[in-house]
Every structure is written in C-alpha cells, then in structure tokens.
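# Remarks on the overall topology
As a plain string of letters, each chain reads:
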Amino acid sequence: GGAQITKKNLEIADIDKERPDIIGLSLQVGSYKQMEGFMKKLRDTIPGWKEKPWIVFGNVIATFASKIILRNYPDALVVVGEGEYALEGIVRKALKAENDFSEVPNLIYIKDGKVVENKRVPFDLDELEIPYTLNPHLVRGLDYYSRTVFEFFVREEKSEKKEEGAEEPEKE
C-alpha cells in the first residue's frame, strides 16, 4: 500500500487495514517515547499479517541513536544522515521483493546478528543546483532545509583525582 498516515489520523487499525510493505517513522527530538508506544501496538498487530513489513526509522534521533534503536528493534532498518538515497533503495528492494540491503547507502541494520553500517553518501546538492557551504567540523553537517546547523561539543570532564604532589590552584 501507499497511504501516508500522519499524526492526526495515526491509528493502528488504519495501518492494519492498509498493511503496507514499508512503515517509516521519523524520529525527531521528543518523539522517542511516542514511537515506543506506537511500536508496542504495531508489534501486537503485525503477527496477523501474511507479510511482515519493513520498519524504517529516520531523522535526527535515528541518526544519533541508531544502535540503541537496533538494540530495541533488531529487525528495523535505520536511516542515518540524509535519507533520500536510502529510502529510494529500500523502496526499490521492496518492489523487487529483495532483502539484500548491502548496497543501500546511509543505512544501518542487523544481519546475521551483527550490526551492518553501509556507506554514508551525502545528498547531492550540486545535482539539484542548490547553493551550500560544507563544514566538515560539524557533527550533523549542513541542514539545507531550514538553514539551521546544530553543533554538539563534548566537554572533557576534569578529573576529581589529583596527581600526587600536585598543588591546588589558587582561588581568585
């Protein structure tokens, strides 16, 4: 099936009626708990289906927490980074009833009990003639949809343990 079910009309009964080949979930900040509730209901519904759908997670949380998602949902496909090429590859596999995802870029999944991380391929903005500036020092890179960039910095925690013979710095 090809229906898109949005938050406004998200009902497991609708998905059960449609029985799509692929169910995609966009995980944005603050949506993980909502997704867990949805997945519990979906897991209770899917066993009655003739064909099990592919569950695909994407967006920011999927990119940064892919291994956590796979630990909880080992049959899922997780899109990391830009999803255009990954989603195209997943749909092509579904149309051909194939399940070898090894050539699908920007995808992480579990095969034979091991996490497989496919090649990361940035979306080709040159092909679409979209102007941009690439900053290789950013974690997420360029967000050309909203012109917003998120940067994450990890602070090194100061050791509580003083080296022997080290003096306390003077307080000013």
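As a reminder, the structure under discussion sits directly above these lines.
Summarised in this report is the structure supplied together with it. As the structure is a prediction and not an experimental result, all values here were calculated from the model. (Residues numbered from 1 in each chain as written. Predicted model: local features only at pLDDT ≥ 70, side-chain atom pairs only at ≥ 80, totals over all residues. Heavy atoms only, no water.)

### Focus: the nonpolar core
The biggest cluster of nonpolar side chains holds 22 residues, and the ones touching the most others in it are Met39, Leu42 and Phe57. Sorting the residues of this core by element identifies helix H1 (12-18), strand E1 (22-26), helix H2 (32-45), strand E2 (54-58) and helix H4 (66-72) as the ones contributing at least two each. Those residues in contact with Met39 that sit more than four places away from it in its chain are Leu25, Ile55, Phe57 and Tyr73. The next biggest cluster of nonpolar side chains, apart from the first, holds 10 residues, and it includes Leu77, Val79, Phe101 and Leu107. (Core = buried A, V, L, I, M, F, W, Y, C linked by side-chain atoms within 4.5 Å. Buried < 20%, exposed > 50% of the residue type's maximum accessible area, 1.4 Å probe, protein only. Helix = DSSP H or I, 4+ residues; strand = E, 2+ residues; numbered from the N terminus. Contact = heavy atoms within 4.5 Å.)

### Details of the pattern of salt bridges
Summed over the entire model, instances satisfying the criterion amount to 7 salt bridges. For Lys40, the salt bridge is made with Asp44, and the minimal N-O distance between the two is 3.7 Å. On the criterion of helical spacing, the pair formed by Lys40 and Asp44 is a turn pair, its members being 4 residues apart in helix H2. As far as burial versus exposure is concerned, Lys40 and Asp44 are alike and both exposed. Salt-bridge contacts for Arg92 lead to Glu88; the nearest nitrogen and oxygen are separated by 2.9 Å. Placement of both Arg92 and Glu88 in helix H5 (residues 84-95) is noted, with a separation of 4 residues, approximately one turn of the helix. Owing to a relative accessible area of 37%, Glu88 belongs among the partly exposed residues under this scheme. (Salt bridge = Lys/Arg side-chain N within 4 Å of Asp/Glu carboxyl O.)

### Structural notes on the sheet that holds E1
Across the sheet, which stays open at both edges, the 5 strands sit in the order E1-E2-E3-E4-E5 with mixed pairing between neighbours. This sheet does not close on itself; its edge strands, each paired only once, are E1 and strand E5 (114-117). Sheet twist, expressed as the mean angle between neighbouring strand axes with direction ignored, is 20°. In this sheet, E2 lies alongside E1 in parallel orientation, the contact comprising 5 bridges. Bridging from a neighbouring strand, Ser26 pairs with Gly58 of E2. Together, E1 and E2 form the strand contacts of H2, whose direction differs from that of E1 by roughly 165°. On top of the sheet, H5 reaches E1, E2, strand E3 (77-79) and strand E4 (107-111); it is set at about 175° to E2, its chief contact. (Pairing = 2+ DSSP bridges. Axes fitted to C-alpha atoms, helices over the stretch in contact; angles between N-to-C directions.)

### A look at unusual backbone geometry
With phi around 90°, Asn59 is a residue other than glycine that occupies positive phi space. Along the chain, Asn59 falls in the loop between E2 and helix H3 (60-64). Positive phi, close to 60°, is recorded for Asn106, a residue that is not glycine. Looking at the secondary structure, you find Asn106 in the loop between H5 and E4.

### Structural notes on the packing of aromatic side chains
This model, assessed by the stated rule, comprises 3 aromatic pairs. Measuring from ring centre to ring centre gives 5.6 Å for Phe57 and Tyr73, while their planes differ by 45°; the resulting arrangement is tilted. On the criterion of sequence distance, the pair formed by Phe57 in strand E2 and Tyr73 in the loop between H4 and E3 is long-range, its members being 16 residues apart. In this pair, the class of Phe57 matches that of Tyr73, namely buried. For the pair Phe101 and Tyr109, a centre-to-centre distance of 5.8 Å together with 65° between the ring planes defines the contact as edge-to-face. Under the relative-accessibility criterion, Phe101 is labelled buried at 6%. On the basis of relative accessible area, Tyr109 is assigned to the buried category, the value being 5%. (Phe/Tyr/Trp six-rings, centres within 6.5 Å; stacked < 30°, edge-to-face > 60°.)

### Regarding H5
Between the first and last C-alpha of H5 there are 17 Å, a value that for 12 residues agrees with the 16 Å anticipated at 1.5 Å per step. All of the buried residues along H5 are Ala86, Gly89, Ile90 and Lys93. When H5 is viewed along its axis, its buried side chains cluster within an angular range of 100° and face the same direction. Within H5, the exposed residues directed more than 90 degrees away from the buried face are Arg92 and Leu95. Close packing links the buried residues of H5 with E1, E2, E3 and E4. (Expected span 1.5 Å × (residues − 1). Arc of directions from axis to C-beta.)

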